[in-house]
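Per-entry structural report
Next come the chains, spelled out residue by residue.
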Amino acid sequence: MPRLSEVITALENLWPAARAESWDAVGTVVGEPDQEVTRVLFAVDPVQEIVDEAVKLGADLLVTHHPLYLRGTTTVAASHFKGRVVHTLIKNDIALHVAHTNADTADPGVSDALAGALDLRVVRPLVPDPTDTSGRRGLGRVCEVDPPMTVRELAARAAERLPATAQGIRVAGDPEATVRTIAVSGGSGDSLFDQVRASGVDAFLTADLRHHPVSEARAHSPLALLDAAHWATEWPWCELAAAQLDEISDRHGWDLRVHVSRTVTDPWTSHSPSPGAPN
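To keep things clear, this report deals only with the structure shown in the data block. This one's a predicted model, so the numbers in the text were calculated from it and none came from an experiment.

Thresholds, definitions, all that
Residues numbered from 1 in each chain as written. Predicted model: local features only at pLDDT ≥ 70, side-chain atom pairs only at ≥ 80, totals over all residues. Heavy atoms only, no water. Core = buried A, V, L, I, M, F, W, Y, C linked by side-chain atoms within 4.5 Å. Buried < 20%, exposed > 50% of the residue type's maximum accessible area, 1.4 Å probe, protein only. Helix = DSSP H or I, 4+ residues; strand = E, 2+ residues; numbered from the N terminus. Contact = heavy atoms within 4.5 Å. Polar contact = N/O pair within 3.5 Å; in protein donor to acceptor, adjacent residues only side chain to side chain. 1 Å grid on protein atoms, 1.4 Å probe; cavity = no way out; pocket = protein on both sides within 12 Å on 5 of 7 lines; lining within 4 Å. Points joined across faces, edges and corners; volume = space filled by probe spheres on them. Nonpolar A, V, L, I, M, F, W, Y, C, P; charged D, E, K, R; others polar. Phe/Tyr/Trp six-rings, centres within 6.5 Å; stacked < 30°, edge-to-face > 60°.

Turning to the nonpolar core, a few remarks are in order. If you look at the biggest cluster of nonpolar residues, it comprises 52 residues, and the most contacted ones within it are W15, F42, L61, I182 and W237. For this core, the element with the most residues is helix α9 (residues 230-252), which contributes nine residues. When sequence neighbours within four positions are dropped, the list of residues in contact with I182 reads L120, R141, V142, C143, V145, L154, V201, A203, F204 and L205. V51, A54, A59 and L89 belong to the second-largest nonpolar core, a separate cluster that totals 15 residues.

Now the structure itself:
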């Protein structure tokens, strides 16, 4: 069985911490480097439900996309929900490793997994990484829709292919407009409107779109916008990442058992449509 330090080295090769944004908090949060790893669980959020799942599964390592501590803290007391996560992990000898913005811009990364879930053909990064001479790394992806679909059909595909959430898929724009090219970005994407417009795509699928940026984006151009739940746009990366670690495990003869959590940790739990609202 590999040591935690060996598995972490493999994960760091996939998603180097140096490629994370300066404000981000990635890497190993909890874990003894010499402990053996036999079972790994991938998930989006390092919340108590996921940690409890890791305990029940008998996992030695939990890999999440979102950081546990994005900002500094002065306590890991179990009276606080994040401290309780830390205590549960340590008591059960479970390590925690985070790959966040370094996984967003990886090749393949979060947006590649999102595009793959929707059967879109990736053409290039939306925001290329200037340090990547191959032109493959970067934030978001510009994709082709083949064959072309209407906005309505594309939204229906996203609702069917992405994990079910209370939000579903919100749409801004003409539902009958034809989409031949689309930009996708897993997670919050309304800071990318300038790059999306510059790319010349027909539509943009992301999460956490806010009123004013969407209103302004619609005033600029006929760009169609598809807004999915944040968790749902990033969950496909867990399956991609698990497959990558599986391949590494096979190559090294580690015989790791790699799992993907299907626990829905999207914070929204229900949705009541307004009577007479457009559908």
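Structure shown, so let's carry the discussion forward.
What follows covers helix α3 (residues 81-91). What sets the pattern is the α-helix's 3.6 residues per turn: residues three or four places apart point alike. Taken residue by residue, α3 has G83, V85, V86, T88 and L89 as its buried positions. Those residues of α3 that are buried lie in contact with β1 (27-30), α2 (48-57), β3 (61-64) and β4 (95-98). Following α3 by one or two positions, D93 has its phi on the positive side, about 55°.

This brings us to the side chain of D132. Checked against the element boundaries, D132 lands in the loop between β5 (121-128) and β6 (138-150). A distance of 2.7 Å separates a polar atom in the side chain of D132 from a polar atom in the side chain of S134. At a separation of 2.8 Å, a polar atom in the side chain of D132 contacts the main-chain amide nitrogen of R136.

This paragraph deals with the environment of A198. As for its position among the elements, A198 is in helix α7 (residues 193-199). A sequence separation of 60 residues divides A198 from V258, and the C-alpha atoms of the two residues are 40 Å apart.

What follows concerns the layout of surface pockets. Roughly 150 Å³ of internal volume is contained in the second largest pocket. Lining the second largest pocket we find 13 residues, and of these D202, S221, P222, L223 and A224 sit closest to its centre. Here the residues of the lining of the second largest pocket sort into six nonpolar, three polar and four charged.

Where two aromatic rings form a pair, the distance of their centres and the angle of their planes describe that pair. Across all of its chains, the model carries three aromatic pairs by this definition. Residues F42 and W237 carry aromatic rings whose centres are separated by 6.3 Å and whose planes lie at 75° to one another, so their mutual orientation is edge-to-face. You can see F42 sitting in strand β2 (residues 39-43) and its partner W237 sitting in helix α9, a full 195 residues away along the chain. When its relative accessible area of 0% is taken as the criterion, W237 is described as buried. Considering the side-chain rings of F193 and F204, the 5.9 Å spacing of their centres and the 75° angle between planes classify their relative orientation as edge-to-face. One end of the pair, F193, is in helix α7; the other, F204, is in strand β9 (residues 203-207), with 11 residues separating them in the sequence. Pair check on accessibility: F193 and F204 agree, each one buried. Each member of the aromatic cluster is reached from another via a ring pair, and the members are W15, F42 and W237.

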